[in-house]
Amino acid sequence: MASSLLFEPLTLRGLTVPGRAWVSPMCQYSCSLESPGVVGDWHLAHLQAFAAGGAPMILTEASAVTAEGRISPWDAGLWGEHQIGPWERIVSLVHATGSRIGIQLAHAGRKGSTYAPFHPESGSVGEDDGGWATVGAGEAPFGAYASPRAMTTEEVAAVPGAFAAAARRAVVAGFDAVELHAAHGYLLAQFLSPLVNERQDGYGGSDQARARLLLESVEAVRQVVPDSMPVLVRVSATDWSPHTPGGVAGDVERTVQVARWLAERGADLVDVSSGGNLPDPQIPVGPGYQTRFAARVREEVDVPVSTVGMITQPRQAELVLATGQADVVMMARALLADPRWWHRAAHQLGHDLPWVPQYARVLDRHVY
Ligand SMILES: Cc1cc2nc3c(=O)[nH]c(=O)nc-3n(C[C@H](O)[C@H](O)[C@H](O)COP(=O)(O)O)c2cc1C
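Residues numbered from 1 in each chain as written. Predicted model: local features only at pLDDT ≥ 70, side-chain atom pairs only at ≥ 80, totals over all residues.

A. Here's a closer look at the overall build of the protein chain. For the protein chain, the helix and strand inventory stands at 10 helices and 12 strands. Taken against the 2.2 N^0.38 rule, which gives 21 Å for 368 residues, the C-alpha radius of gyration of the protein chain at 20 Å falls within 12% of a compact globule. Counting the 368 residues in the protein chain, one finds 50% classified as buried. Intrachain contacts of the protein chain at a sequence separation of at least 6 include 71% that bridge at least 24 residues. (Helix = DSSP H or I, 4+ residues; strand = E, 2+ residues; numbered from the N terminus. Rg over C-alpha atoms; globule rule 2.2 N^0.38 Å. Buried ≥ 20, exposed ≤ 12 C-beta atoms within 10 Å, placed from the backbone. Contact = placed C-beta atoms within 7 Å.)

B. Seen up close, unusual backbone geometry. Its identity is not glycine, yet W240 carries a phi of approximately 60°, on the positive side. Along the chain, W240 falls in the loop between β9 (231-236) and α6 (247-264). C-beta crowding within 10 Å serves as the criterion here: with 20 such atoms nearby, W240 is assigned to the buried category.

C. Region of the structure containing the environment of V233. One can find V233 in strand β9. With 38 residues separating them in the primary sequence, V233 and D271 have C-alpha atoms 5.8 Å apart. What V233 contacts, discounting residues up to four positions off in sequence, is E179, L180, A182, V218, L262, A267, V270 and D271.

D. Just the site of the ligand, in detail. The environment of the ligand is formed by 20 residues, the closest being S24, P25, A62, A332 and R333. Those elements giving two or more residues to the shell around the ligand turn out to be β4 (57-64) and α9 (333-337). Taken together, the residues that form the shell around the ligand break down as 11 nonpolar, 6 polar and 3 charged. (Near = placed C-beta within 6 Å. Nonpolar A, V, L, I, M, F, W, Y, C, P; charged D, E, K, R; others polar.)

E. Main features of the nonpolar core. Of all hydrophobic cores here, the largest spans 100 residues; its most connected members are I58, L105, V178, L188 and V270. When residues no more than four places from it in sequence are discounted, the contact partners of V270 are V233, V235, A259, L262, V297, V303 and V305. (Core = buried A, V, L, I, M, F, W, Y, C linked by C-beta atoms within 7 Å.)

F. Representation of α6 in the model. Its 18 residues give α6 an end-to-end C-alpha distance of 26 Å, which sits within 8% of 26 Å, the value for a rise of 1.5 Å per residue. Listed in full, the buried residues belonging to α6 are D251, R254, T255, V258, A259 and L262. Along the long axis of α6, the arc covered by the buried residues comes to 155°, so they all point the same way. Across α6 from its buried face, at more than 90 degrees, point the exposed residues A249 and E264. (Expected span 1.5 Å × (residues − 1). Arc of directions from axis to C-beta.)

G. Region of the structure containing the environment of P242. Among the structural elements, P242 can be located in the loop between β9 and α6. As a C-alpha pair, P242 and V258 span 16 residues in sequence and 20 Å in three-dimensional space.

H. Summary view of helix α2 (residues 84-97). If you check α2, its first and last C-alpha atoms are 20 Å apart, about what 14 residues at 1.5 Å a residue would give, namely 20 Å. Within the span of α2, buried status applies to P86, W87, I90, V91 and V94. Looking down the long axis of α2, one finds its buried residues gathered within 135° of arc, a one-sided arrangement. Along α2, the residues that are exposed and aim more than 90 degrees away from the buried face are G85 and A96. Elements that come into contact with the buried residues of α2 comprise α1 (41-52), β4, β5 (100-106) and α3 (153-173). Immediately downstream of α2, the backbone of G98 shows phi near 110°, a positive value.

I. View of the packing of helix α8 (residues 314-322) against helix α10 (residues 341-349). The N-to-C vectors of α8 and α10 enclose an angle of 75°; their axes lie 9 Å apart at closest approach. Our classification of the angle between α8 and α10 gives roughly perpendicular. Note on element contacts: α10 touches α8 through R344, A345, Q348 and L349, opposite P314, R315 and E318. (Axes fitted to C-alpha atoms, helices over the stretch in contact; angles between N-to-C directions. Parallel < 35°, antiparallel > 145°, perpendicular 65-115°, else oblique.)

J. How the structure looks around the pairing of β4. In terms of burial, β4 is a largely internal element, 8 of the 8 residues being buried. Judged from the 6 bridges that link them, β4 and β5 form a sheet pairing that is parallel. Bridge pairing links S63 to L105 in β5. A crossover links β4 with its parallel partner β5, the connecting element being α2, and its sense is right-handed. (Pairing = 2+ DSSP bridges. Right-handed = clockwise from strand over helix to strand, strands pointing away.)

K. Spatial organisation of the packing of α3 against helix α5 (residues 207-224). As a packed pair, α3 and α5 sit with axes 8 Å apart at the nearest point and diverge in direction by 35°. Crossing handedness for the pair α3 and α5: right-handed. On α5, the residues touching V156, V159, P160, G161, F163, A164, A167 and R168 of α3 are L213, E216, S217, A220, V221, Q223 and V224. (Left-handed = near helix turned anticlockwise from the far one by under 90°.)

L. Geometry of the environment of D207. Note on placement: D207 falls in helix α5. The exposure class of D207 is partly exposed, given the 14 C-beta atoms found within 10 Å. Sequence-wise, D207 and W261 are 54 residues apart; in three dimensions their C-alpha atoms are separated by 11 Å. Every residue in contact with D207, bar those within four places of it in the chain, is listed here: R254 and Q257.

Nothing here speaks to function; it is all geometry.
In structure tokens:
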């Protein structure tokens, strides 16, 4: 029995993860333009730091299932066989260090072909500067980004196959899990939102039709990964718009329904985030501001859920679990600041978390 819920194991299908505080996906915009979508030394060092810091489970950054599905020209990908080996190297090192690792698979849709946040320029990257023409559920752009081309029905129908092909490569690379990115206004989230998706071709027009692309993508992925491998799905519980039917509460109830359909299709964990479909949402940001959405899904649907968003402190994370609001807490920025967060948490919560042998000499001194 772990002394803290944060260090209690969670089993999803054949995968047992020895803790509940996971590394949330974080784009690094660090692939070289000479080898598009191929991860390199930065990704290895970035992800390995969490493994050495005691992370039980790491999710990689959004990795594109097609070249045009990248958020930026510097994004990671898994749309080609040549991208498997460099991921395999990272997975092997993370495993050897004692962590589990899943890959987040994504298609950016109308939010593709943009500059990295730390690039001097912002907005869409022109086609003469290494960018590409984007596609979307419709022709409306995201804010000031370039307008996408509305995908044909045939193009939409091909998306699940792209997710499945990337998932198959993830299996070859040795990943423990795959997560489909259906949040933050990227392609699958664009299709889910009644504010963005105005299609009438079977992929829009009703809640069920708007969820079709995501559900078919999950089914396609499930078919190619082993039964023992968990499939996770990140969703945005709300677009944070007063103009959405039913407001934020209406969005959350639609998300509960989507989570139910996801669980029926074999998704093993619903990772509940929010926002991303609108350029200027009014979000009341504060500690744990998205946790109530995960709690609502967990209350209504028989599926493990994770929460994310301004959870930074070990006792705060422990409280989320103790109050039954989520099964897993994902964290991003706090872990960039402190990639050994799990050791601080273990110390504060009275849990004995072994250091990796290379770092065991921290025990010579009381570092916390
Ligand atoms: C540098 C950075 C990159 C991110 N990239 C992704 C991503 O690739 N996929 C994703 O779902 N969320 C991404 N996010 C969002 C985080 O996963 C997380 O949901 C968000 O930062 C809120 O959690 P936090 O308050 O613990 O940082 C990113 C966040 C940061 C800070």
